[in-house]
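# Breakdown of the fold
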Amino acid sequence: MMADHKRKVSLTSISDEEQPSANVTQGTAVALVKRPKTNEIQKHGSTALVQAGPKRTSGLQAPIMHLTGHKGEVTSCRFSDTGEHIASGSADKQVFLWNTYGECANYGVLQGHKGGILEVQWMPGSERVITASTDHTVAMWDAATGERLRRGKHHTAPVNSCCPLSKSAGDDNMFVSAADDGQLVIWDARERNPAAVIEHSQPLTSVVAAVSGNVVYAGSLDNTITGWDVRTRSAVQTLRGHSGTVVGLAMSPKTGNYLASTSLDNTVRLWDLRPYCRLPNRCERVYTGAPHGYEMNLVRPAFDKDESMVASGGADRTLTIWNLRSGEVKYKLPGHKGCVTQADFHPKEPIVLSGSVDRSMFLGEL
């Protein structure tokens, strides 16, 4: 099912099998609703100060920045751990690297995949990036040099998702991939072959690791989320409640106590992973308002840094942000011209990032 998903710039890294295309286009960023960073401005020819509108809340050049340049759908986009950079993956087979601040310069491109990129993630505490692709491979890249450090070729079907194995430990070598072949593969960038392979009975669409790195959670076509112990390679938990394919997962970044999932049943669910949870099915809340369309895109949710909000895109071309506890819609952010496939929150400032099938991204302060 996920096999048909579609999913610039001086740095390039080309695989041995693939030569650079004739033209590599520079991505661009446009400031929207631009106004002074200060809350007050000085009248021309006078020392009097006048109000300049709502107070700015971030270091962005403007409250909203529009990033364009991809030639295909933007399937994934995320902030680096420092928040200084952004990586975006696309159906055009490329990863673009952007500065978050200033003009949001598109300072690099990573090339080498033979198929569209379905997910991009930053490794913890480093400038390494990992990618999952429809070409059945995963890759690790050095975002500073553009060099491809590792290429994983174990999967036999499109790889829908990837994630670092242990963010809390700061390990920038171990990561996990999930694919349509039903396999969870654990990789060590220092080794040639996979460190471990876990088999699931159905195609896997998404994967995220627990804070400890001992358990990975995978969403599947069977509407469930399964937690796997990476040491024993056995299933230790199954989360049931969705009535449609689970297409995206996110782990709460501060405590690791919660898991968010998006599904083709048009809901986002919040799961309590704490061992003493009293809820029989561990589903603490169901969020509505971010519908899916006939395209059945992979849509990735996100938590903010304080675990007070959860966000997800939808086929209604908006980014929806809910209060994590009450379930109330806090923001409904328009602007995109197609399904919003990715949400991500800045790790330090009140900034949200969204990517869309309209081939663009928005950066906006909250």
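Residues numbered from 1 in each chain as written. Predicted model: local features only at pLDDT ≥ 70, side-chain atom pairs only at ≥ 80, totals over all residues. Heavy atoms only, no water.

A sheet is described by the order of its strands in space; here four strands give the open sequence 13-14-15-16, paired in antiparallel fashion. On the outer flanks of this sheet lie strand 13 (159-164) and strand 16 (196-199), each paired with one strand and no other. Taking the axes of each pair of neighbouring strands and ignoring which way they run, one obtains an average angle of 20° across the sheet. Sheet analysis places strand 14 (residues 174-179) next to strand 15 (residues 183-188), joined by five bridges and oriented antiparallel. Bridge pairing links Ala178 to Leu184 in strand 15. (Pairing = 2+ DSSP bridges. Helix = DSSP H or I, 4+ residues; strand = E, 2+ residues; numbered from the N terminus. Axes fitted to C-alpha atoms, helices over the stretch in contact; angles between N-to-C directions.)

A few words now on unusual backbone geometry. Residue Asn223 is not a glycine yet carries a positive backbone phi of 75°. On the secondary structure map, Asn223 appears in the loop between strand 18 (215-220) and strand 19 (225-229). Residue Asn223 is classed as partly exposed on the basis of its relative accessible area, which comes to 22%. Unusually for a residue other than glycine, Arg233 sits at a positive phi of about 60°. With relative accessibility at 45%, the residue Arg233 sits in the partly exposed group. (Buried < 20%, exposed > 50% of the residue type's maximum accessible area, 1.4 Å probe, protein only.)

For the rest of this paragraph, the subject is the state of the cysteines. The full count for this structure, using the stated rule, is zero disulfides. Not part of a disulfide, Cys277 finds its nearest cysteine sulfur in Cys283, a span of 9.7 Å. Judged by its relative accessible area of 16%, Cys277 is buried. (Disulfide = S-S within 2.5 Å.)

Within the element layout of this structure, Thr205 appears in strand 17 (residues 204-209). C-alpha of Thr205 to C-alpha of Val247: the two residues are 42 residues apart in sequence and 5.6 Å apart in space. Here Ser206 takes part through its side chain, which lies 3.4 Å from a polar atom of the side chain of Thr205. (Polar contact = N/O pair within 3.5 Å; in protein donor to acceptor, adjacent residues only side chain to side chain.)

Right, let's talk about the environment of Trp141 for a bit. Take Trp141: it is sitting in strand 11 (residues 138-142). Take Trp141: its relative accessible area is 1%, and that puts it in the buried class. Taking the C-alpha atoms as reference points, Trp141 and Leu110, separated by 31 residues in sequence, lie 7.7 Å from one another. At 2.9 Å, the side chain of Trp141 forms a polar contact with the side chain of Thr131.

The next point concerns the pairing of strand 12 (residues 148-152). Here strand 11 pairs with strand 12 via four bridges, running antiparallel. Bridge assignment links Val138 to a residue of strand 12, and that residue is Gly152. Between strand 11 and the antiparallel strand that follows it, strand 12, lie five residues; Gly146 among them carries a positive phi value of about 85°.

For the rest of this paragraph, the subject is the side chain of Asp272. Relative to the elements of secondary structure, Asp272 occurs in strand 23 (residues 267-272). Among the polar contacts listed, one links the side chain of Asp272 to the side chain of Arg274, at a separation of 2.8 Å. With residues near it in sequence (within four places) discarded, Asp272 still touches Asn257, Tyr258, Cys277, Arg282 and Glu284. (Contact = heavy atoms within 4.5 Å.)

Bringing the pattern of salt bridges into the picture now. Close approach of charged atoms allows side chains with opposite charge to pair. Tallying each qualifying case throughout the model produces ten salt bridges. Here Arg231 makes a salt bridge to Asp229, at a shortest N to O gap of 3.0 Å. Judged by its relative accessible area of 10%, Asp229 is buried. Residue Arg274 is joined to Asp272 by a salt bridge in which the shortest nitrogen-to-oxygen separation is 2.8 Å. Residue Arg274 is classed as partly exposed on the basis of its relative accessible area, which comes to 21%. The exposure class of Asp272 is buried, given its relative accessible area of 4%. Salt bridges here are not isolated pairs; linked through shared partners, they connect Arg78, Glu119 and Arg300. (Salt bridge = Lys/Arg side-chain N within 4 Å of Asp/Glu carboxyl O.)

What follows concerns the layout of surface pockets. One number sums up the size of the largest pocket: a volume of about 820 Å³. Lining the largest pocket are 36 residues, and of these Asp81, Gln121, Lys167, Met251 and Pro253 sit closest to its centre. Among the elements of the structure, strand 5 (74-79), strand 9 (117-122), strand 13, strand 17, strand 21 (246-251), strand 25 (302-303) and strand 29 (340-345) are those that each provide at least two residues to the lining of the largest pocket. With four residues, strand 29 is the largest single contributor of residues to the lining of the largest pocket. (1 Å grid on protein atoms, 1.4 Å probe; cavity = no way out; pocket = protein on both sides within 12 Å on 5 of 7 lines; lining within 4 Å. Points joined across faces, edges and corners; volume = space filled by probe spheres on them.)

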